[in-house]
Amino acid sequence: MTELTAPKSSVTAAQFADEIRNELKYTQGVTPEQAKPADIYVATATAVRKHLMDSWMKTQQDMINGNTKAVGYLSAEFLMGKQLRNALLNSGLTDQFYAAVKELGFDAQEVIDAEYEPGLGNGGLGRLAACFIDSLASLGVPAFGYGIQYRYGIFRQEFDEEGRQVERPDYWLTNEDPWGHIDYARDQRVNFGGEVVEEAGKRVWKPAWAVRAIPVDYMVPGYESGRVNTLRLWQARSYDEFDLLTFNKSEYLDAVKPQVKAEDISKILYPEDSTEVGKELRLEQQYFFASASLHDAIRVFYGDAEKPDLTTFPDKITFQLNDTHPVIGIPELMRILIDEYGYDWDTAWDITTKTFNYTCHTLLPEALEVWPASLIGKLLPRHLEIIEKINDQFMHELEGLTDDEAKIERMRILTAGENPSVRMAYLASYAGSHVNGVAELHSQLLKDVTLRDFSDIYPAKFTNVTNGVTPRRFMKLANPGLSALITEGLGTDKWLEDLELLKNLEPLAQDDEFVKKFAKVKYDNKVRFADFAKSEYGFKLDPTTMFDTMIKRLHEYKRQALKILEVIATYADIKSGKVKVEDVTPRTVIFGAKAAPGYYLAKMTIQLINNVAKVIDNDPDVMGKLKVVFPWNYNIRVAQMLIPATELDEQISQAGKEASGTSNMKFALNGALTVGTLDGANVEIRERVGADNFFLFGMTVDEVDKMYESNYDPAKFYEADPRLKTAIDMVADGTFSNGDKETYAPLVSDWLTKDWFMTLADFTAYHDIQSQIETLYADQLEWNRKAILNVANSGYFSSDRSIEDYLDRVWMTGPLPTEK
Ligand code: BZD
């Protein structure tokens, strides 16, 4: 596979091959003859970093010396995906790489495959952070991503014989990580525990233990911008303090326990993506990276000055809180300003409120973080005092703004009563300058429901920034075929920097020749995915069938159950002869999903999908008509293969539950049609691509609310739709569990008695829309016309546009000046 890039770098392939040889020799100590693909990968990565070094240093210098406010993106997750091809693309070395590796006698794909994908995120939130730092660099905006370098990323998913999810540790650092540079000299001390005492009229924190935060720096090269930003991920290490041994501890092993504990802080990414577990270690992680990052930013902008003027801090950098995970940074900055730099409360408050902004990524109440005050008090006693004071100040402020006492009570940051707790979303909404949701509908629901009281009192804080995705990774790298066709169609490759240019493809949707070329690209991508699925998973996929994909975390609200029940009903229709085999549109239904390890019903749904897949596969009656596959361990690499190969994208969450979704954007940009509810960014995608080019079904947010109010009874829907009844009965009667009726009993019982996300209520509408989908699919020319219209009208969903919106609405800054 070759990728056509205008080589920006003047380096020739032969020179690049020499650079790789040089790294092999002087960095790794291997000869080209001894080298394995993994060595070539490390050598190439090292050489690429050197190419980026000048730009990286210059970007930092320009940021520090200039007057452009920087952005600090504080996020517990950065789901970066593999780096090599992206770094080559952005440094203009792609062609040289392919040629050089060939000259060295290696297979480029093997070299690319040698990179282990870092899984430092759960899903959408973490991937969004990665897209955003790519766009910040590509727009030339000075920025830091700040997070944690977890030793173990999101678990590696396997399936056992029974089709159940098994979680394996993801030790992604077993091999060398050539992209991360450990900077021991720029470490930070992060304190924990202990007590606060009164000394000379001041509150003084006497911590009990400390952790050393060491930054690991990753370069974030912009595309065609000449700028390289930094992703700084902190690693927790212990301090080698010998007094631990003399601290009344006779046992060596006891004495080193605190050190072991210190290193635990960055050991593992929490795999829960929507339910907060309230674990101490999680709060330690949050404080660890928030504290280290804030201190780091002060160091970056003020050096070692003893008495810096920190009233200018909000002019140097603005911090975006990626959900509530870094919100403990708010009391931390207050503490730093007051305790470490001697500012008074009001000045500190003024600086702090100007510094932070908050993005909310959810609508699920259980996902809004709440910490027991007792836990905060134990771990961060000084911060609890500060939070109490913030809450007092807030209550006082509210009394001046409203007479509604019930409302004031509802808005407490620190709840009243016996076991008070701290609501992090409220703290962020009060202390942050701006609060935003991640799609129009989501931001509206935040204002109307989740954070209503706050938006009533502080309407000006609330804004929307609709999510976006980077076209570099998710079009150029993932879909070289379509990228080349777009460039051909538009006569320029500038669309990769200005995605709205895709709009000019619109007329080509009426050009049958172009449509056929587009269809060919899609078909080739399906073949490519089928080959990949064969070698990676042993699946046999037929690329002439419709590729129908649902990839996202496994969660009840996302409703993978709706999809699998429809598959089961279709299977039953074929088996019973209700639908003639020759009338069935052959489909390959592809799932990709990880479930949180403790999420019982989600894991059971995985098991069901796997067993439905197995039963269907073993049934000659449906052979060639229906197939279900569930590639395990869905990750960015699989996404990059699968999205370009997909024809039908499933975005079928219950309306009012999915904050935005971002795979929906990737699919539309890669020419899939979406079947979806009016939820999250689906609403905006449909508006842009046109109602005729989007398969809408299901209840709206209002209808959902009404149904909750009228005491929703899922059993009625079960009784009313015979297809649904048959499907559920088959799950219950053991068809997918070797006759065992117990296996899925909890799932069946949940559907029939609770069904909180109304899968059953939307089932009939979902089936009806699937019939329309099949009718259209029969006319391939029409289908592909609509797919092209999706591509042409999705330019808005570039993360470059999201970042521009943040710059205008939230951060009030822009790119560094360019020298021309
Ligand atoms: O954030 C997701 C939302 O569910 C999506 O709708 C949205 O598109 C993306 C990006 O805005 N939220 C998450 O991915 N949330 C988490 O991953 C998460 C992780 C840890 C704790 C809580 C939530």
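Reading the values: the criteria
- Residues numbered from 1 in each chain as written.
- Predicted model: local features only at pLDDT ≥ 70, side-chain atom pairs only at ≥ 80, totals over all residues.
- Heavy atoms only, no water.
- Helix = DSSP H or I, 4+ residues; strand = E, 2+ residues; numbered from the N terminus.
- Buried < 20%, exposed > 50% of the residue type's maximum accessible area, 1.4 Å probe, protein only.
- Lys, Arg positive; Asp, Glu negative; His and termini not counted.
- Salt bridge = Lys/Arg side-chain N within 4 Å of Asp/Glu carboxyl O.
- Polar contact = N/O pair within 3.5 Å; in protein donor to acceptor, adjacent residues only side chain to side chain.
- Contact = heavy atoms within 4.5 Å.
- Pairing = 2+ DSSP bridges.
- Axes fitted to C-alpha atoms, helices over the stretch in contact; angles between N-to-C directions.
- pLDDT = per-residue confidence, 0-100.
- UniProt positions renumbered as here; feature names shortened; annotations may be inferred.
- Domains from an automatic or database assignment.
- Buried area = accessible area lost by both parts, 1.4 Å probe.
- Near = heavy atom within 4 Å.
- Areas by Shrake-Rupley, 256 points an atom, 1.4 Å probe, with all protein chains shown as cover.
- Nonpolar A, V, L, I, M, F, W, Y, C, P; charged D, E, K, R; others polar.
- Parallel < 35°, antiparallel > 145°, perpendicular 65-115°, else oblique.
- Left-handed = near helix turned anticlockwise from the far one by under 90°.
- Phe/Tyr/Trp six-rings, centres within 6.5 Å; stacked < 30°, edge-to-face > 60°.
- Lys NZ or Arg CZ within 6 Å of the ring centre and 35° of its normal.
- Core = buried A, V, L, I, M, F, W, Y, C linked by side-chain atoms within 4.5 Å.

Quick notes on the side chain of Asp-323
Along the polypeptide, Asp-323 turns up in the loop between β11 (317-322) and α11 (329-340). Here Asp-323 is buried and forms no salt bridge, its nearest opposite-charge partner Arg-282 lying at an N-O distance of 7.8 Å. Only 3.4 Å separates the side chain of Asp-323 from the side chain of Thr-324, close enough to count as a polar contact. Once residues within four sequence positions are removed from consideration, Asp-323 is found in contact with Leu-125, Tyr-358, Thr-359, Cys-360, His-361 and Thr-362.

Some words on the sheet that holds strand β19 (residues 626-629)
Read from one edge to the other, the open sheet built from six strands follows the order β19-β18-β17-β20-β21-β22, with strand pairing classed as parallel. Of all the strands in the sheet, just β19 and β22 (695-696) have a single pairing partner and so form its edges. Summarising the sheet, strand β20 (residues 648-651) and strand β21 (residues 673-676) pair through four bridges and their orientation is parallel. Note that in β21 the partner of Leu-648 across the bridge is Leu-673. Strands β17 (546-551), β18 (587-592), β19 and β20 of the sheet are contacted by helix α22 (residues 560-576), whose axis makes an angle of about 155° with β18.

Considerations on the confidence of the model for the chain
Mean pLDDT over the chain works out to 96, with 96% of the residues at or above the 70 mark. Taken together, the stretch residues 1-7 has pLDDT below 50 and engages in 19 contacts with residues farther than four places along the chain or on a different chain.

A closer look at the UniProt feature "modified residue: N6-(pyridoxal phosphate)lysine" (unreviewed entry) in the chain
In the numbering adopted here, UniProt assigns the feature "modified residue: N6-(pyridoxal phosphate)lysine" (unreviewed entry) to Lys-666. Assignment of secondary structure puts Lys-666 in helix α25 (residues 663-669). Setting aside residues no more than four positions away along its own chain, Lys-666 makes contact with Arg-127, Val-469, Phe-474 and Ile-643.

A few points about the pairing of strand β4 (residues 165-168)
On any regular strand, side chains alternate: one points to one face of the sheet, the next to the other face. Note: strand β3 (residues 156-159) against β4, four bridges, orientation antiparallel. By the bridge assignment for β4, Phe-159 is matched with Gln-165.

Details of the pattern of salt bridges
Counting across every chain of the model gives 55 salt bridges. In this structure, the salt-bridge partner of Lys-558 is Glu-658, at a minimum N-O distance of 2.9 Å. Linking Lys-558 in the loop between β17 and α22 with Glu-658 in the loop between β20 and α25, this pair joins segments that are 100 residues apart in sequence. By relative accessible area, Lys-558 is classed as buried at 9%. Here the salt bridges do not stand alone but share partners, grouping Glu-198, Arg-203, Asp-339, Arg-382 and Glu-385 into one network.

Overview of the pairing of strand β2 (residues 143-148)
The buried fraction of β2 is high, at six of six residues. Alternating positions in β2 separate into two faces, Ala-143, Gly-145 and Gly-147 on one and Phe-144, Tyr-146 and Ile-148 on the other, with burial throughout. The pairing of β2 with strand β10 (residues 228-237) spans five bridges and is classified as parallel. Bridge pairing in β10 places Phe-144 opposite Thr-230.

Focus on the environment of Ile-788
Assignment of secondary structure puts Ile-788 in helix α32 (residues 780-792). Among the residues examined, Ile-788 registers a relative accessible area of 2% and is labelled buried. C-alpha of Ile-788 to C-alpha of Asp-344: the two residues are 444 residues apart in sequence and 59 Å apart in space. Not counting residues up to four positions away in its chain, the partners in contact with Ile-788 are Leu-505, Ala-509, Phe-514, Val-515 and Phe-518.

Describing the domain arrangement of the chain
Each domain of the chain was delimited in the assignment, giving domain 1 (13-467 + 805-811) and domain 2 (471-797). Computed over C-alpha atoms only, the centres of domain 1 and domain 2 are separated by 33 Å. In total, domain 1 and domain 2 occlude about 3800 Å² of area from one another, counting both sides; carbon and sulfur atoms represent 56% of this. When the buried area of domain 1 at its contact with domain 2 is split by residue, Gln-157, Phe-159 and Tyr-223 rank highest and sum to 15% of it. There are three salt bridges connecting domain 1 and domain 2. With a closest N to O distance of 2.7 Å, Glu-167 and Lys-603 form a salt bridge. Viewed at the interface, domain 2 and domain 1 are joined by 20 residue pairs in polar contact (both at pLDDT 80 or more).

A look at the site of the ligand
In the vicinity of the ligand lie 19 residues, with Asp-273, His-361, Asn-467, Glu-658 and Gly-661 positioned nearest. Side-chain polar atom of His-361 to an oxygen atom of the ligand: 2.6 Å apart, as the coordinates give it. At a separation of 3.3 Å, an oxygen atom of the ligand approaches a polar backbone atom of Ala-659. When the free accessible area of the ligand is taken as 510 Å², the share hidden by the protein chains comes to 93%. Considered class by class, the residues forming the shell around the ligand number five nonpolar, eight polar and six charged. Both domain 1 (13-467 + 805-811) and domain 2 (471-797) contribute no fewer than three residues apiece to the shell around the ligand.

Details of the packing of α22 against helix α23 (residues 600-617)
The contact between α22 and α23 brings their axes to 11 Å, and the two run at 20°. In terms of orientation, α22 and α23 fall into the roughly parallel class. In the packing of α22 onto α23, the handedness of the crossing is left-handed. Touching Gln-560, Ala-561, Ile-564, Val-567, Ile-568 and Tyr-571 of α22 are Thr-605, Leu-608, Ile-609, Val-612, Val-615 and Ile-616, all from α23.

Comments concerning the packing of aromatic side chains
Taken as a whole, this structure holds 33 aromatic pairs when the rule is applied. Between Phe-319 and Phe-356 the ring centres are 6.0 Å apart and the planes differ by 35°, which places this aromatic pair in the tilted class. Placement of the pair is Phe-319 in strand β11 and Phe-356 in strand β12 (residues 356-359), with a sequence separation of 37 residues. Pair check on accessibility: Phe-319 and Phe-356 agree, each one buried. Taken together, the aromatic side chains of Phe-159, Phe-529, Phe-532, Tyr-537, Phe-539, Phe-591, Phe-630 and Trp-632 make up a single cluster linked through ring pairs. The positively charged end of Arg-189 is found above the aromatic ring belonging to Tyr-239, 4.5 Å away from the centroid. Over the aromatic face of Tyr-796 sits the side chain of Arg-688, whose NZ or CZ is 3.5 Å from the ring centroid.

A few points about the packing of helix α20 (residues 480-490) against helix α21 (residues 512-537)
Relative to each other, α20 and α21 sit at 165°, their axes nearing to 9 Å. In terms of their interaxial angle, α20 and α21 are classed as roughly antiparallel. The handedness of the crossing between α20 and α21 comes out as right-handed. Residues Pro-480, Gly-481, Leu-482, Leu-485, Glu-488 and Gly-489 of α20 touch α21, and the partners they reach there are Phe-514, Lys-517, Phe-518, Val-521 and Arg-528.

Observations regarding the nonpolar core
Counting 255 residues, the largest nonpolar core has Phe-16, Phe-97, Phe-288, Leu-502 and Trp-751 as the members making the most contacts within it. Here the element with the most residues in this core is helix α9 (residues 280-302); it accounts for twelve residues. Taken domain by domain, the makeup of this core includes at least three residues from each of domain 1 (13-467 + 805-811) and domain 2 (471-797). Aside from chain neighbours lying at most four places away, what touches Phe-16 is Val-11, Thr-44, Ala-47, Val-48, His-51, Leu-88, Leu-93, Gln-96, Phe-97 and Ala-100. Counting 20 residues, the second-largest nonpolar core is a separate cluster that includes Phe-539, Ile-551, Ile-590 and Tyr-634.

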